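Residue strings, one per chain:
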Amino acid sequence: MLLYIILGLLIHLVFFASIFDIYFTSPLVHGMTPQFTPLPPPAKRLVLFVADGLRADKLYELDENGNSRAPFIRNIIMHEGSWGISHTRVPTESRPGHVALIAGFYEDVSAVAKGWKENPVEFDSLINETRHTWCWGSPDILAMFAKGASGNHVFAHNYDAYSEDFGAQDVTKLDTWVFDNVKEFFHAARNNQSLFSKLNEDKIVFFLHLLGIDTNGHAHRPSSREYLNNIKIVDEGLKEIVSTLKDFYGSDGKTAFIFTADHGMTDWGSHGAGHPLETCTPFVTWGAGIKYPQKVLAQKFDDTYLQEWKLENWKRQDVNQADVAPLMAALIGVPFPLNSVGTLPVDILNSTDLFKAESMFTNAVQILEQFKVKMTQKKEATLPFLFTPFNSLSDSKQINILRKARSYIKQKKYDEAVSLCKELINLALKGLSYYHTYDRFFLAFNVVLGFVGWTSYASLLIIKSHCNLTRGVSKEVKKPSHLLSCSFVAVGVLLALFLLIQACPWTYYIYCLLPLPVWYAVLREFPVIQGLVTLLLTFPPSHFVGYLLLFILGVEVLVLSFFYRYMLTAGLIAFAGWPFITPLWTRAKSTSLSWIFFCLLLAVFPLMPVVGRKPNIFLVVGAGLLVLLLSLFVVTSVIKRKDSFVNEELVLHLLQMLSTVLSVCVVYGTHNSLLKKQGLPLINQVVSWIILASSFIVPLLSPLILFDRLFSILVSSMSTYLLLSTGYEALFPLVLSCLMFVWIHMEQETLPQSVVSCKQKVSSIQFTYNTDITRFRDLYLDDIRRAFFLVFFLMTAFFGTGNIASVNSFDLASVYCFLTVFSPYMMGALMMWKILIPFALVMCAFEAVQLTTQLSSKSLFLMVINISDIMALHFFFLIKDYGSWLDIGASISHYVIVMSMTIFLVFLNGLAQMLTTKKLTLCGRPKSHLI
């Protein structure tokens, strides 16, 4: 069985990894020729300001007094330059945002997972093409461009990583540090002849990364005074830098300025998904080569921003984030970044029509070069009779469009040339997407084949273990045919040769060959399949259809809960009615009433706002007090008992109560300290980490009696969960655990009369009960219901307090008791543990259910995995690569989450078994067992 679990885990890891080959392969190609406009550029130098995490609405809107909080930028919009919204793409994170701005392409999610600080994939960028670039700002952002640049022409100046402290007294210093250092730099350059001469060359860039706004947004929310004041400080800083540059260069009119952001932010201070608040960032540009403001009478946009911002009479020119890279390249006359997919926004340029047409032609050729390389690569790796070219952009059509565009330029028909180049860019981008996704259907078909085969085999294994279906099958049929194995080997060899001829990556071999042994294993169980079909034919058709529809409905509710959290509420309300359609109501009325009460109480949580949006520290403190109250009740019952374990148990309970008290004090103290901007107190941080570490060990000291151990796990988990809570979610594990305790009782009551004699009292059951109970009874239909209950409770534990299928649902405030200095991996690990705590509580309760219902844990666990796999297959078909970026990102997130859950279940099952069955002893006291 262990071998089966290991193989199952490996297969699921392959299915999980397949999504990255199918949807997240790097779009980059190499081997293109650099392209640049063969005319003098309008600017010698460019200054790029990136205000990390700045929302467009917060910059452009007027305050409550009708004044702009960024008067310098407002003045630029009305008197000096062009403005609009830069539309970003998911994931709205700092790394991909900066890559889109400076390199001109949208980075795939798999690259983001490889790190914030360095280039996980090689790519060309504007900074790489410049003569000299000077950067100031965060080490996380500057390092990836400085390290990836060729030569020694990039000079990065960054502050210490520990300055990025969400709990610091004043994080605007991250921005004032940048402004002060830039001013000092230009002041020092007057006395440094070598630096002075470099600064007066052409094709140079100054990049100022401003992190204060993002840090204040995470710490205090975008509507806070701190966030809005930070915008004012940035605005004043911009004014000073522009003035410094004018003084240094003597107002030579050769400097271009661009001010934008890498991503926005939700109202609750998160980002990563595709909400308009995250994807709409400001874009303001002025100086050399940029058009002056254009007054208009009316503008047509799908939103109402213009009226809200009082900017309806100033022409708004929106861009896609990747369009900024070709714009910067055209302004200073450097080659367009080789991997850029941005389209030059020519309407923003204040230059000759010839320059616009030539720049657009260069842009089209640069993107067409990528298309040609991509097509050549795919053509060389595909058998000639199987290759299907992108017919919309054949070789002849490419030549005709380029020749026609060049002819228009010679005839001075510049508008026609620009229009034709845009058409070529659109076709080339579609062609790039076509070849990038060329193998998608082939890979998806093989993955689905493997999925269906694995689910079928797991189902057959469960049935084979618990139902004697092969009784009437002859021995000749039972023997697997030699021809079968030979056929599968032959197909595998042919498939491997096919992949070898096409020079496919090694991962393709795994996806294509994996279904073969899986389906071979399925067909080897032909006698079981035959017996199952025979058994199903004895069922009344109405019963069979009814059960099937009920199962489909249950799976659909689970799937819909990913999109609509209130489906969990509907499910829990339906669960509350379960005792009324079974003998439970008459058999165990008090237990049934408890079940109904806690089901309805838990049903409230999915209707609450997503965690972090409305923090309430008093609810966290209240949850801590409830845990203490429960602990007092248990301590009282322990004192009343008279056995050898009383002293040990009493000390343990008092220790856990102390841990809960400390958690409440730390949460309250840290909250007040951060409100006063005094940072995270060291003593609070140390205590938090000690409580987290002890939560893994303390439950192992408790007795192995079922409810004693489960209660110990709950209290230890709650101590950690309180430290990671910001509001009502602190109550969630408590209510969930109460329902789990009742569920254990309810499941024992559902046992058929035939096994009542074998039933133990719940109060006497131990987790050391390791007898092979598969021989006690066969599988019942009720066991499928138990497996479904577990999956539903896991979904409730996952989505009960927030739709974390979206990256922006994570709230960094959850980890402020542990650390406030930005550390993505540590913060991510802590937030992941917060998610896993309710999971662990449900899995521990499931261990108890398996004991009380006297069924093999392996069989129930396999049923749970099967239900999860059916959901995963459902989401695999729902993955989109079209429509809004919010829809695309959400569809991929859903599949990744349900596959992660399936893999996590294996580890959670192991964790639950460790927490429930292992026993530690202190001070050399001999281990003792209750009999």
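Residues numbered from 1 in each chain as written. Predicted model: local features only at pLDDT ≥ 70, side-chain atom pairs only at ≥ 80, totals over all residues. Heavy atoms only, no water.

Re the overall build of the chain
- Helix and strand content of the chain: 36 helices and eight strands.
- In the chain, 80% of the contacts between residues at least 6 apart in sequence involve partners at least 24 apart.
- In the form shown here, the chain has an accessible surface area of approximately 39,400 Å², with 63% of it arising from carbon and sulfur atoms. (Helix = DSSP H or I, 4+ residues; strand = E, 2+ residues; numbered from the N terminus. Contact = heavy atoms within 4.5 Å. Areas by Shrake-Rupley, 256 points an atom, 1.4 Å probe, with all protein chains shown as cover.)

Quick word on the packing of aromatic side chains
- Counted by the stated rule, this structure contains 57 aromatic pairs.
- Ring geometry for Phe390 and Tyr434: centres 5.5 Å apart, planes at 40°, overall tilted. Taken as a pair, Phe390 in the loop between α15 (353-380) and α16 (395-410) and Tyr434 in helix α17 (residues 414-436) lie far apart in primary sequence, 44 residues in all.
- Overall, Phe390 belongs to the buried group, its relative accessible area being 12%.
- Classification of Tyr434 as partly exposed rests on a relative accessible area of 26%.
- The structure contains a cluster of three or more aromatic residues connected by ring pairs, namely Trp134, Trp136, Phe155, Phe185, Phe186, Phe196, Phe206, Phe248 and Tyr249.
- Between the NZ or CZ atom of Arg785 and the centre of the ring of Phe789, over which it lies, the distance is 4.8 Å. (Phe/Tyr/Trp six-rings, centres within 6.5 Å; stacked < 30°, edge-to-face > 60°. Buried < 20%, exposed > 50% of the residue type's maximum accessible area, 1.4 Å probe, protein only. Lys NZ or Arg CZ within 6 Å of the ring centre and 35° of its normal.)

Section: the environment of His874
- Mapped onto the secondary structure, His874 falls in helix α35 (residues 857-878).
- On a C-alpha basis, the gap between His874 and Val559 in space is 7.9 Å, while along the polypeptide they are 315 residues apart.
- Not counting chain neighbours up to four residues away, the residues in contact with His874 comprise Glu556 and Val559.

Quick look at the pattern of salt bridges
- One pass over the full model with this rule turns up 23 salt bridges.
- When the shortest N-O distance is used, the salt bridge between Arg786 and Asp782 registers 3.7 Å. One end of the pair is Arg786 and the other is Asp782, both in helix α33 (residues 781-799) and four residues apart, which spans about a single turn.
- When salt bridges that share partners are traced, they join Glu747, Asp782, Asp783, Arg785 and Arg786 into one network. (Salt bridge = Lys/Arg side-chain N within 4 Å of Asp/Glu carboxyl O.)

Some words on the sheet that holds strand β1 (residues 45-51)
- Strand order in the open sheet formed by eight strands is β4-β3-β5-β1-β6-β7-β2-β8, and the pairing between neighbours is mixed. Looking at which strands have only one partner, the edges of the open sheet turn out to be β4 (154-158) and β8 (319-320).
- With five bridges connecting them, strand β6 (residues 255-260) and strand β7 (residues 280-287) associate as antiparallel partners. When the sheet's bridge partners are listed, Ile258 is paired in β7 with Thr285. (Pairing = 2+ DSSP bridges.)

A few points about the pairing of β1
- Burial analysis of β1 places seven of its seven residues in the buried class, which makes it a mostly covered element.
- On β1, burial covers both faces: Arg45, Val47, Phe49 and Ala51 on one face and Leu46, Leu48 and Val50 on the other are all buried.
- Direction of pairing for β1 relative to strand β5 (residues 204-210): parallel, over a ladder of seven bridges. Residue pairing in the sheet places Phe49 in a bridge with Leu208 of β5.
- Relative to β6, β1 is paired through six bridges, and the arrangement is parallel. Residue pairing for β6: Arg45 is matched across the bridge by Thr255.

Structural notes on the side chain of Asn446
- Position of Asn446 among the secondary structure elements: in helix α18 (residues 440-466).
- The residues contacting Asn446, other than those within four sequence positions of it, are Tyr511, Cys512 and Pro515.

Examining the nonpolar core
- With 157 residues, the main nonpolar core has Trp595 and Phe793 as its most contacted residues.
- Top contributing element to this core by residue count: helix α34 (residues 824-853), with 18 residues.
- Those residues in contact with Trp595 that sit more than four places away from it in its chain are Phe575, Ala576, Trp578, Pro579, Leu739, Val742, Trp743, Met746, Phe789 and Phe793.
- Counting 69 residues, the second-largest nonpolar core is a separate cluster that includes Phe283, Ile290, Val346 and Ile409. (Core = buried A, V, L, I, M, F, W, Y, C linked by side-chain atoms within 4.5 Å.)

Comments concerning the environment of Ser465
- Tracing the chain through its elements places Ser465 in helix α18.
- Classification of Ser465 as exposed rests on a relative accessible area of 53%.
- Along the chain, Ser465 and Ser859 lie 394 residues apart, while their C-alpha atoms are 8.1 Å from each other.

Overview of a nonpolar patch on the surface
- Where nonpolar side chains cluster on the molecular surface, the patch consists of Leu536, Phe544, Val545, Leu548, Leu549 and Ile552 and spans about 500 Å² of accessible area.
- With five residues, helix α24 (residues 541-560) is the single largest residue contributor to the nonpolar patch.
- Secondary-structure assignment places Phe544 in helix α24. (Patch = residues over 30% accessible without salt bridge, like charges linked within 9 Å, V, L, I, M, F, W, Y side chains within 5 Å.)

Topic: α34
- Along its 30 residues, α34 runs 43 Å from first to last C-alpha, staying within 8% of the 44 Å computed at 1.5 Å per residue.
- Along α34, the sharpest kink reaches roughly 30°, centred on Leu836 and followed within four residues by the proline Pro838.
- Among the 30 residues of α34, 25 are classified as buried, and the element is accordingly described as predominantly covered. (Expected span 1.5 Å × (residues − 1). Bend = angle between axes of the 7 residues up to and from the residue.)

Concerning unusual backbone geometry
- Unlike most non-glycine residues, Lys310 shows phi in positive territory, near 60°.
- Even without glycine at this site, Lys677 takes up a positive phi of about 60°.
- As for its placement among the helices and strands, Lys677 is situated in the loop between α29 (646-675) and α30 (682-697).

Spatial relationships are all this shows, so hold off on functional conclusions.
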